[in-house]
Amino acid sequence: FESCFWVGAPGYGCTGLGRGWQLGFFTVLALVLVLMLRAVWPKLREKTGSRTLVWMFTGATIAIGLMYGGALFFSAKTHLTVMEYWRWWVVHLWVEGFFEVFATAALSLLFAKMGLVEARHAGRAVIASSALFLFGGIPGTLHHLYFSGTPTSALAIGATFSALEVVPLTLIGFEALRTLRLERAAPFVQRYRWPIRFFVAVSFWNAVGAGFFGFLINPPIALYFMQGLNTTPVHAHTALFGVYGLLALGLCLVVARRLTGERPWNERALALGFWSMNIGLGAMVAFSLLPIGLAQTIASVDTGLWYARSADFLQQPWLEALRWLRMPGDVVFLFGVAAFVWFLIGLVRGHSYVPIEEEAPEPAVTPAE
Ligand code: HEM
Ligand SMILES: [Fe+2]
């Protein structure tokens, strides 16, 4: 039992590595953190307008790096309710607290660097929205612990604060529209239009995946019937890939854009990748996960949660058919991934650039960097 805990897999969603692997993973996170801090350090000491932004960015980076530590707070024989508590420290506080702060700070920093927003104003806006995220996100953790042996107060506090989490997510929706306008604002921004489109998609999925589908399963009465049904992966996929997957790809593109200088990209594969990934994600949820989740919800309310999750219910032919309907969305999605990778390979091998003779005219204005 003891050695299993160290090298085996406890099968514990998201924190399910054996303790030995966990320690290895934590060490790697700490190393990445050191590398990040080494790069930001000089900027932290400069007294420029973007200082607040850099500090917020650094704070979120440290929190992300160290947050996994929560997974080390239980042992093999800890009571399940206590393990659950720490597990959600890692899962929930990461995605609904510090990742959100990181995303806001990183994007504001980028836009400030491009001169699209004023650094000082962006700094204040980031502090305000981070306060909102953490205000809802930290006590909101309790929405995972409503029915896991916690006192009733966990229900009241968790429900109230996680309902408030939707406020900043809605504001993000408006932010997206503004970002979309930025894309047309200055000619040099044209070069960054694809990263910016990825960031707009991030806001879209933040509102839909985290805001709407998160809220759908969030009230105590909903979770009483719906905990662990297919409605959970509806939310988890749209929020996790939609927000942080696309954010990571967008940030990759910013780096790629800077590395490839002024050379115009041939963006056909990139566009294909972007739309296929977004449409594929939407299709897999709309045609498969969501209908199954809703059918399970009805079964759970009519008969019981045990029945909604049972083989008797899930192996019925029409539910099997709905499960197979994930195929079209998944295939479109994977095609998008392949197109994106093909585009990146092309930046190295040369097929992702506009051939010299039909090169687009150079924009007159260049960014102040
Ligand atoms: C971008 C932000 C978010 C991400 C990436 C995210 C991701 C996830 C993931 C991966 C899970 C499944 C974890 C597991 O079962 O082990 C989950 C569960 C859950 N999320 Fe989120 N989430 C986000 C925001 C939100 C928000 C804003 C709310 C509430 C308004 C919310 C409410 C919930 C609830 C109640 C569950 C538990 C469902 C269950 O146990 O069946 N999430 N989330
Ligand atoms: Fe959560």
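These figures come from a predicted structure and were not determined experimentally.

Looking at this model, I keep getting lost on the overall build of the chain. Mind explaining?
A tally of regular secondary structure across the chain gives 15 helices and 0 strands. For a compact globule of 369 residues, the expected C-alpha radius of gyration is about 21 Å, and the chain comes in at 22 Å, within 12% of that figure. Put simply, of all contacts in the chain between residues at least 6 apart along the chain, 74% involve residues at least 24 apart. Total accessible area on the chain is roughly 18800 Å²; 72% of this is exposed by carbon and sulfur atoms. The averaged location of the 20 negative side-chain charges in the chain is 8 Å from the averaged location of its 25 positive side-chain charges.

Sorry if this is basic, but what is going on with the domain arrangement of the chain here?
When the parts of a complex come together, some accessible area is lost, and that lost area is often taken as the interface size. The domains assigned to the chain are domain 1 (1–164) and domain 2 (194–354). A C-alpha centroid distance of 22 Å is found between domain 1 and domain 2. At the junction of the two partners, domain 1 supplies 16 residues and domain 2 supplies 15 residues. Both sides together, the interface formed by domain 1 and domain 2 hides about 1400 Å², and carbon and sulfur atoms give 75% of it. Contact with domain 2 buries area across many residues of domain 1, yet L107, L110 and F147 alone supply 30% of it, more than any other trio. Applying the counting rule to domain 1 against domain 2 returns 0 salt bridges. Seen at the junction of domain 1 and domain 2, the total is 6 residue pairs in polar contact (both at pLDDT 80 or more). Secondary-structure elements contributing two or more residues to the side of domain 1 that touches domain 2 are α4 (80–113) and α6 (152–164). In terms of residue count, the dominant contributor to the side of domain 1 that touches domain 2 is α4 (8 residues).

What exactly am I supposed to notice about the coordination of the iron atom of ligand 1 here?
Octahedral metal centres with six donors ideally show angles of 90 or 180 degrees, and tetrahedral centres with four donors ideally show 109.5 degrees. On the protein, H235 (NE2) is the one donor atom to the iron atom of ligand 1, at 2.0 Å. The distance between the iron atom of ligand 1 and the iron ion (ligand 2) comes to 4.2 Å. With respect to the element layout, H235 can be found in helix α10 (residues 231–259).

Help me understand the site of ligand 1 in this model?
The environment of ligand 1 is made up of 27 residues, and the closest members are R87, E96, G228, T232 and H235. Here R87 contributes a side-chain N or O atom positioned 3.2 Å from an oxygen atom of ligand 1. For ligand 1, a nitrogen atom lies 2.8 Å from a polar atom in the side chain of H235. Of all the secondary structure elements, the ones that give two or more residues to the shell around ligand 1 are α4, α7 (166–185), α8 (193–216) and α10. Tallying contributions element by element places α10 first for the shell around ligand 1, with 7 residues. In terms of residue class, the shell around ligand 1 is built from 13 nonpolar, 10 polar and 4 charged. If you count residues domain by domain, the shell around ligand 1 takes at least three from each of domain 1 (1–164) and domain 2 (194–354).

Calculation criteria
Residues numbered from 1 in each chain as written. Chains lettered and ligands numbered in written order. Predicted model: local features only at pLDDT ≥ 70, side-chain atom pairs only at ≥ 80, totals over all residues. Heavy atoms only, no water. Helix = DSSP H or I, 4+ residues; strand = E, 2+ residues; numbered from the N terminus. Rg over C-alpha atoms; globule rule 2.2 N^0.38 Å. Contact = heavy atoms within 4.5 Å. Areas by Shrake-Rupley, 256 points an atom, 1.4 Å probe, with all protein chains shown as cover. Lys, Arg positive; Asp, Glu negative; His and termini not counted. Charge placed at Lys NZ, Arg CZ, Asp CG, Glu CD. Domains from an automatic or database assignment. Buried area = accessible area lost by both parts, 1.4 Å probe. Salt bridge = Lys/Arg side-chain N within 4 Å of Asp/Glu carboxyl O. Polar contact = N/O pair within 3.5 Å; in protein donor to acceptor, adjacent residues only side chain to side chain. Donors = N, O, S within 2.8 Å, 3.2 Å for Na, K, Ca; no water. Near = heavy atom within 4 Å. Nonpolar A, V, L, I, M, F, W, Y, C, P; charged D, E, K, R; others polar.

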